[in-house]
Amino acid sequence: MSRRIMLVTHPTRPEIPALAAAFTERLAAHGIVVEAVPVGEPTHDVVRADEVVTHKSPLPPHVDASNVELVVVFGGDGTILRGAEIARPAGKPLLGVNVGRVGFLAEAERDDIEAIVDRIAARDYRIEERMTLEVDVIHDGHVVATNWALNEASVEKSARERMLEVAVEVDGRPLSTWGCDGVVISTPTGSTAYAFSGGGPVVWPDVAAILLVPISAHALFARPLVLGPDTHLAVEVVPHSYVDGVLWCDGRRTIELPAGARIEVRRSQLPVLLARLTDDPFTDRLVAKFALPVSGWRGPADAAQATGASA
């Protein structure tokens, strides 16, 4: 039986058709079949938290990765997050090839196609688990929606001119009430995404933790928090909040939250599997993606020589 790879591509970038054709042709030479899945323009599933929701999918129901060994994505972080929606339920590893700008979730760049094909053909990659979050929305005592996130779940205000008032709970105990623009609950993977722009810390991927980052909160105690991986968090849109809220999961899937809605977040038992081609440390990725200045670094003699650091 032929080996199969699924290829998920960004819908509009002009260079992708040629890249995808070259990728498919090279893998075919190794006897590997490529199943192409152009994900189409970004779409959002919007449901209200006062309606019972059985299932909402941002992808066509026929997209099933259970019969492939790897899901490869050509695009930026947004497209890679869409690929994660395919790979995660099938338990398949995800390999991101950056054809975007930052590409923090990507493992390789567009110029590496030939090397990527060779590594896939040889099954020369390792698998890294990334924590995900399970998210329940509760209204009037009933779970009305369930979702998940690789990067973050964010509770945000639905109207720009007013503040959202939320109460935050940690492991069944009240922590604080904030008037704010929103609250971001993030994984370590998402610490370089929305949580980072909100002033949260960067957390190395091998650290098991959940981040809580208030956004523009009007309160003395409104600092980002780093919590244990088994923490159960809850955010309630208080009944007298001036505006309704909106829940976003990875900036992709959204649920409207009326006053009184409760959002419960915990670590999911189903991670996202990332295919890794190198053992480069996360520090190097951080420096490269954020273009951090390291020109004055000397370091140990062997490390300095390896990187060509100058005196």
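Owing to the predicted nature of the structure, the values given are computational and were not obtained by experimental measurement.

### Here we look at the pattern of salt bridges
What the rule picks out here adds up to 21 salt bridges. Of the charged contacts in the structure, one is a salt bridge between Glu15 and Arg110, with a shortest N-O distance of 2.9 Å. Here Glu15 is found in the loop between strand S1 (3-9) and helix H1 (16-28), whereas its partner Arg110 is found in the loop between strand S6 (108-109) and helix H3 (113-121), with 95 residues between them in sequence. A salt bridge links Lys157 to Asp181, with the shortest nitrogen-to-oxygen separation between them at 2.8 Å.

### A closer look at the environment of Arg130
You can see Arg130 is positioned in strand S7 (residues 126-130). Look past the residues within four positions of Arg130 in its chain and what remains in contact with it is Leu150, Thr189, Pro205, Pro271, Val272 and Leu274. Engagement of the side chain of Arg130 in a polar contact is seen with the side chain of Thr189, the distance being 3.0 Å.

### As for the packing of aromatic side chains
Applying the stated rule across the entire model yields five aromatic pairs. With 5.2 Å between their ring centres and 65° between their planes, Phe23 and Phe74 make a pair best called edge-to-face. One end of the pair, Phe23, is in helix H1; the other, Phe74, is in strand S4 (residues 70-75), and 51 residues separate them in sequence. Across the pair, Phe74 and Phe23 agree in class, each one buried. Measuring from centroid to centroid gives 6.2 Å for Phe104 and Phe282, while their planes differ by 45°, and the two rings are tilted. Pair noted here: Phe104 is in the loop between strand S5 (94-98) and S6 and Phe282 is in helix H5 (residues 282-290), with a separation of 178 residues, a long-range link. The two residues Phe104 and Phe282 agree in class, both being buried. In this structure, Arg88 packs its charged tip against the face of Trp148, placed 4.1 Å from the ring centre.

### Concerning H5
Those residues of H5 that sit buried are Phe282, Arg285, Leu286 and Lys289. Taken around the axis of H5, the buried residues stretch over an arc of 100°, which confines them to a single face. Where H5 is buried, its residues meet S5, S6 and strand S20 (272-276).

### Quick notes on the environment of Ser2
Mapping Ser2 onto the fold places it in the segment before S1. Measuring from C-alpha to C-alpha, the distance between Ser2 and His30 comes to 10.0 Å, with 28 residues separating the pair along the chain. When neighbours within four sequence positions are excluded, Ser2 is seen to be in contact with Gly31 and Val33.

### Re the sheet that holds strand S8 (residues 133-139)
What links the strands of a sheet is backbone hydrogen bonding, and the strands pair in either a parallel or an antiparallel sense. Spatially, six strands are ordered S9-S8-S19-S16-S11-S12 in an open sheet, and the strand pairing comes out antiparallel. Of all strands in the sheet, those bounded by a partner on one side alone are strand S9 (142-149) and strand S12 (173-180). Taking each pair of neighbouring strands and ignoring which way they run, the sheet shows an average axis angle of 20°. Note: strand S11 (residues 164-170) against strand S16 (residues 233-237), five bridges, orientation antiparallel. Directly across from Val166, in S16, lies its bridge partner Val237.

Cut-offs used in this document
- Residues numbered from 1 in each chain as written.
- Predicted model: local features only at pLDDT ≥ 70, side-chain atom pairs only at ≥ 80, totals over all residues.
- Heavy atoms only, no water.
- Salt bridge = Lys/Arg side-chain N within 4 Å of Asp/Glu carboxyl O.
- Helix = DSSP H or I, 4+ residues; strand = E, 2+ residues; numbered from the N terminus.
- Contact = heavy atoms within 4.5 Å.
- Polar contact = N/O pair within 3.5 Å; in protein donor to acceptor, adjacent residues only side chain to side chain.
- Phe/Tyr/Trp six-rings, centres within 6.5 Å; stacked < 30°, edge-to-face > 60°.
- Buried < 20%, exposed > 50% of the residue type's maximum accessible area, 1.4 Å probe, protein only.
- Lys NZ or Arg CZ within 6 Å of the ring centre and 35° of its normal.
- Arc of directions from axis to C-beta.
- Pairing = 2+ DSSP bridges.
- Axes fitted to C-alpha atoms, helices over the stretch in contact; angles between N-to-C directions.

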